[in-house]
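# Results of the structural survey
Chain by chain, the residues run as shown.
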Amino acid sequence: MAALHFFNFYKPLFRIQSRKLFITNIGTSNNRLHKPNTNIIRFLSSSSTSLGHSNVSKTVGSSETVSKSKEHELWLYNTMSKEKELFKPKVKGKVGMYVCGVTAYDLSHIGHARVYVSFDILFRYLRFMGYEVNYVRNFTDVDDKIIARAVQLGEDPISLSRRFCEEFHRDMDYLHCLHPTVEPRVSDHMPQIIDMIKQILDNGRAYRVEGDVYFSVDGFPQYGRLSGRKLEDNRAGERVAVDSRKKNPADFALWKSAKEGEPFWESPWGAGRPGWHIECSAMSAAYLGYSFDIHGGGMDLIFPHHENEIAQSCAACDKSNISYWIHNGFVTIDSQKMSKSLGNFFTIRQVIELYHPLALRLFLIGTHYRSPINYSDVQLESASDRAYYIYQTLQDCEDVVGQQNESSQKENIPTEILDCIKTFNDVFITSMSEDLHSPVVLSAISDPLKTANDLLHTRKGKKQKARIQSLAAIEKAIRNVLDILGLMPASYHEVLQQLREKALKRAKLTEDQVIEQINDRNTARKNKEYERSDAIRKHLATLGIALMDSPEGTTWRPAIPLAMQEQHSPQS
C-alpha cells in the first residue's frame, strides 16, 4: 500500500467513517516475532463520543452557572514560539490533539499523573468550549526499557507491556482522567511506521547502515527550532546514542536491526523494530494527519523526542505542521526532577494508598501546569484537607436543600448571592482561558464556599431570605466547575467517607479507636480533668484527627497533622 494513500494524503481525518486496515505483512516463522492481539486498526472520527466517565458540562445554567460565551478566547503557551498565542483550530469547531503516552514497563509515577491530568484539563476545557476533540494518546509497547524489564522478569515483552497498559488505565480512572478518543499502540502500527520510514528515505533525509536506518539531521536545517538547541550542542552520549557508523553524531535511529532474544518485525531493510521517535510521528499522522492543532507532553520530551518528531514528519511530508506545542512542568523532589531513571519516584498507587485520588488530582492542578511542582507529604495533606472542606460544604448544602418546600422555591435569590456566583464564574472563564490557570480557579472557590458556610452555620445566615435557593445555586455553580476540572465525585457522602478512611490509615488508627479516645476525653471533661482532655485532643491532632465539639456531641474529621501545619503555615 502506498504511503500517501495510507495516510489519506496526510489530511486531518475528521470526517471519515471508521474503516478497517488488515495488516498482512507482520509474520515470520520465528517464534520471537510478536503478533498483535488483533489485526484490525480502526480510524476514528474526532466526533467520537466514546470518551468514558461522566460527561463534561458544557453549560452550567444561567445566573448561577458558567457560560461558554464566544467572547472568551483561549490563549495557550506555545513552546515553539515561546509565547502565549490565541487558540485557533485548523478546522472550525474541531480540535486534533496528540499527547505522547507512557512507555509501559512499570507502574506509572506521579510525574506521569501530572502530564495526563494536565492534558485532561485541556481536553475537558476544549469540550466545555464546544469543540469536538479528537484526542489521541499512544502507548509505547516496543522499547529498550520494556525489553530489559521483560528479560529481568522472564516475560514476553509485548505481554508485559500490555499488562502495564491496563494498570495505567486503572490509574487514569482513579484520577478521573477522561478516556482519549483513541489510544494506538506501536506494536499494532508497524505498517504505518515502515511506510513513513520509506517516505523519509525516498525523500533523501535518511540512510541505511547494515540493517539500521538513521535520520540525517544535516538534511534538516530547522533542527533545534523547538528546543532552541544548536546542532553542535548535541554531543554523542548525551541523550544521543553513540555509534561510529553515523554520518553525524546527532543522527538518530528510525529502524533498529534485530538482536538476539528481542521481538522484531520484517521490513525492507531486514528484521528489526522502530526507533522511539518515529512511532509518534507515524501514529499522529495516521489518526490526525500531518497538519493538526495540538501536540503535547512533559517538558522532558521537548528534546530530543519532539524535536526529532518534527524533523521526521517534515521529512516525510513538507506540509507537516502542528500549530501548538504544549508542555507541562516537572514534578520535583528536593528540586530534582522525579523520574524512574533517577529512582526518586513515587508511583500513583503508592500515593493513593494513603491519599484519596481526588486529593492527588487537586494537588496536581493546584499549581499552574507549566510550573514545577514539588512533591511532599505536607502538600498532599493540605490538598486532602482542602478536598474534605470542599466536599463537606457541598454535602451540607445538599442536605439542607433536600429539606426545601414549595414556598422556599418561589423566593428570589438575593443580589449579593447572585453577584458572588457571577464573580466566581467570571474568574473561572477568565483564568482557564488564560493558559488554563487552574490555581486561580481553585482559590476563587473559597468565596462561594465561605458564603455557603455562612448560610449553613451562622445565626444571621440561617435567617437569610431565600436561604435554600441560595444554597442550591451555590452548590450547582461549584459542582459544575468541579466537573469541568475533573474533581466531581460520584457522591459527596462517598468521597467524604473515603477521605476519612485514608486519614485513619495515615494515622494508623481504626474508627473504633478514635471513638474510644473521644469517649475517654468526654469522661475526662466530666471529671474536670482538663489537662488529660487537652492531651487526648492534641494527641489525635498530631496524627491528623481533629475533634469538633458541638451541643450534639463530639465528632472528628481529617486534618493536617500538627507538625505539618507548622511547616505549611506562611510564617514557617
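Let us look at the structure shown here.

### Points about the sheet that holds strand 5 (residues 94–99)
Ordered in space as 6-5-11-12, the 4 strands form an open sheet in which the pairing is parallel. Looking along the sheet, the strands with just one partner apiece sit at the ends: strand 6 (132–137) and strand 12 (321–328). Taken pair by pair, the neighbouring strands of this sheet meet at an average axis angle of 25°, ignoring direction. Alignment of strand 11 (residues 291–298) against strand 12, held across 7 bridges, turns out to be parallel. Considered in strand 12, the bridge of Gly 296 is made with Ile 326.

### Description of the packing of aromatic side chains
Scanning all chains against the criterion turns up 13 aromatic pairs. Note on Phe 215 and Phe 252: the rings are 5.1 Å apart at their centroids and 15° apart in plane angle, and the pair reads as stacked. Of this pair, Phe 215 sits in strand 8 (residues 212–215) while Phe 252 sits in strand 9 (residues 252–257), placing them 37 residues apart in sequence. The exposure class of Phe 252 is buried, given its relative accessible area of 7%. One aromatic cluster is present, built from ring pairs that chain together Phe 87, Tyr 131 and Tyr 324. The ring of Phe 123 carries Arg 127 above its face, with NZ or CZ at 5.6 Å from the centroid. Positioned above the aromatic ring of Tyr 207 is the side chain of Lys 247, whose terminal nitrogen or guanidinium carbon lies 4.5 Å from the ring centre.

### Points about the pattern of salt bridges
Enumeration according to the criterion identifies 30 salt bridges in this entry. Note that Arg 137 and Glu 183 form a salt bridge whose closest N and O atoms lie 2.9 Å from each other. Of this pair, Arg 137 sits in strand 6 while Glu 183 sits in the loop between helix 4 (157–174) and helix 5 (190–202); the two residues are 46 residues apart in sequence, bridging distant segments of the chain. Of the residues examined, Arg 137 reaches a relative accessible area of 2% and is grouped as buried. In this structure, Arg 245 and Asp 212 form a salt bridge, with 2.5 Å as the shortest nitrogen-oxygen distance. Of this pair, Arg 245 sits in the loop between strand 8 and strand 9 while Asp 212 sits in strand 8, and the two are 33 residues apart along the sequence. On the accessibility criterion, Arg 245 (28% relative accessible area) is partly exposed.

Rules behind the numbers
Residues numbered from 1 in each chain as written. Predicted model: local features only at pLDDT ≥ 70, side-chain atom pairs only at ≥ 80, totals over all residues. Heavy atoms only, no water. Pairing = 2+ DSSP bridges. Helix = DSSP H or I, 4+ residues; strand = E, 2+ residues; numbered from the N terminus. Axes fitted to C-alpha atoms, helices over the stretch in contact; angles between N-to-C directions. Phe/Tyr/Trp six-rings, centres within 6.5 Å; stacked < 30°, edge-to-face > 60°. Buried < 20%, exposed > 50% of the residue type's maximum accessible area, 1.4 Å probe, protein only. Lys NZ or Arg CZ within 6 Å of the ring centre and 35° of its normal. Salt bridge = Lys/Arg side-chain N within 4 Å of Asp/Glu carboxyl O.

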